[in-house]
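Reading the structure
Take a look at the letters that make up each chain.
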Amino acid sequence: MAHSTKITLVLGDITEQHVDAIVNAANSSLLGGGGVDGAIHRRGGPEILAECRALRAGHYGGGLPTGHAVATTAGRLPARWVVHTVGPVWSRDEDRSELLASCYHESLRVADELGARTVAFPAISTGAYGWPIGDAARIAVEAVRGAETAVEEVRFVLFDESAYEAFAQQIS
Ligand code: ADP
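Remember, it's a predicted structure, so these values are computed and weren't measured experimentally. (Residues numbered from 1 in each chain as written. Predicted model: local features only at pLDDT ≥ 70, side-chain atom pairs only at ≥ 80, totals over all residues. Heavy atoms only, no water.)

Here we look at the overall build of the chain
The following threshold applies: The helix and strand labels rest on DSSP assignments: H or I over at least four residues marks a helix, E over at least two residues marks a strand, and numbering proceeds from the N terminus. Throughout, the radius of gyration refers to the C-alpha atoms, and the reference size of a globule is 2.2 Å times the residue count to the power 0.38. Residue burial is assigned from relative accessible area. The probe radius is 1.4 Å, only protein chains are included, and a residue is buried under 20% of its type maximum, exposed over 50%, and partly exposed in between. Working rule for contacts: check all heavy atoms of both residues, and any pair within 4.5 Å makes them a contact. In short, Shrake-Rupley with a 1.4 Å probe defines the accessible areas, and a residue's cover is counted only from the protein chains shown. Positive: Lys, Arg. Negative: Asp, Glu. His and the chain ends are not part of the count. Where a charge sits is defined by one atom per residue type, namely NZ (Lys), CZ (Arg), CG (Asp) or CD (Glu).
Counting secondary structure elements, the chain contains five helices and six strands. In sequence order, the secondary structure elements of the chain are arranged as β-β-α-α-β-β-α-β-α-β-α. The C-alpha radius of gyration of the chain comes to 15 Å, within 12% of the 16 Å expected for a compact globule of 172 residues. Referenced to the eigenvectors of the C-alpha coordinate spread, the extents of the chain come out at roughly 40 × 35 × 30 Å. When each of the 172 residues of the chain is scored for burial, the buried share is 49%. For the chain, contacts bridging at least 24 residues in sequence account for 70% of all contacts bridging at least 6. Working note: accessible area of the chain is about 8,100 Å², and carbon and sulfur atoms make up 49% of it. Distance between charge centres in the chain, computed from 14 positive and 21 negative side chains, equals 5 Å.

Comments concerning the site of the ligand
Going by this rule: In these notes, residues near a molecule or strand are those with any non-hydrogen atom within 4 Å of it. Polar contacts here mean pairs of N or O atoms no more than 3.5 Å apart (in protein, one a potential hydrogen donor and the other a potential acceptor; neighbouring residues in sequence count only if both atoms are side-chain atoms). Note on definitions: the grid is 1 Å and covers protein atoms alone; a cavity is a set of points where a 1.4 Å probe fits but cannot get out; a pocket is an open set with protein on both sides within 12 Å along at least five of seven lines; lining residues have an atom within 4 Å of a point. A molecule is said to be in a cavity or pocket once over half of its atoms fall within 2 Å of that pocket's grid points. Charged means Asp, Glu, Lys or Arg here, nonpolar means Ala, Val, Leu, Ile, Met, Phe, Trp, Tyr, Cys or Pro, and polar covers whatever is left, Gly included.
Val36, Ser125, Thr126, Gly127 and Ala128 are the nearest of the 16 residues found near the ligand. One nitrogen or oxygen atom from the main chain of isoleucine 14 is found 2.9 Å from a nitrogen atom belonging to the ligand. Here an oxygen atom of the ligand sits 2.8 Å away from a polar atom, N or O, in the main chain of glycine 127. Contact with the protein chains hides 88% of the accessible area of the ligand, taken as 570 Å² for the molecule alone. Using a 2 Å cut-off from the grid points, one finds that the ligand occupies the largest pocket. Among the elements that make up the shell around the ligand, the one with the highest residue count is helix H1 (residues 35–44) (three residues). Each residue belonging to the shell around the ligand can be placed in one class, and the counts come to 10 nonpolar, five polar and one charged.

A few points about the layout of surface pockets
So the rule is basically this: Grid points are joined across faces, edges and corners, and a volume is the space filled by probe spheres set on the points.
Considering only enclosed or pocket space, the largest pocket measures out at about 620 Å³ in volume. Forming the walls of the largest pocket are 30 residues, and the residues nearest its centre are Ala25, Gly35, Val36, Ala123 and Gly127. Listing elements by their share of the lining of the largest pocket, those giving two or more residues are strand S2 (21–26), H1, strand S6 (153–158) and helix H5 (161–171). Here the lining of the largest pocket takes five residues from H1, the largest share from any one element. Per-class residue counts for the lining of the largest pocket are 15 nonpolar, 11 polar and four charged.

So, in structure tokens, the structure goes:
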């Protein structure tokens, strides 16, 4: 089947994107954090955290494993769902690229299950988790290009110019 997912880039804040699903660079606790995670819970309101707590009380008692993804409501965000995924912490000694690619694949798989057609991703693992932006952009774009998905638009939302440039280089 021909792959027809359109990749777009935006310099901006992921919590302002009008899309079906916003992907959160969560941590395995699912109970909030800094960066994208903090912004999503702050702007999305308490409903998101309530669903995350319910997930922790149920299937994800041990937390969400790295490279996996799970959906909740998007609360007050201009989206229908938040897809939470846990990126790997960057390591100099160990190649964790497969786990980072898995975040994109699994998030798109969850998006397909939901019926989402437009999905916004942040540059997963490039903040607190320390992944070099150029390498993270390459892995992200390759993962999306390699995915079998019914998602029509994948929008990478980059928070600063250098991240935007790194992604622009990968899709040119
Ligand atoms: P991680 O823990 O996976 O590294 P972070 O949330 O710390 O996740 O950072 C991931 C990337 O998202 C970083 O490049 C950071 O600059 C960027 N970022 C932070 N806040 C936002 C936001 N509101 N919208 C889009 N990107 C953001």
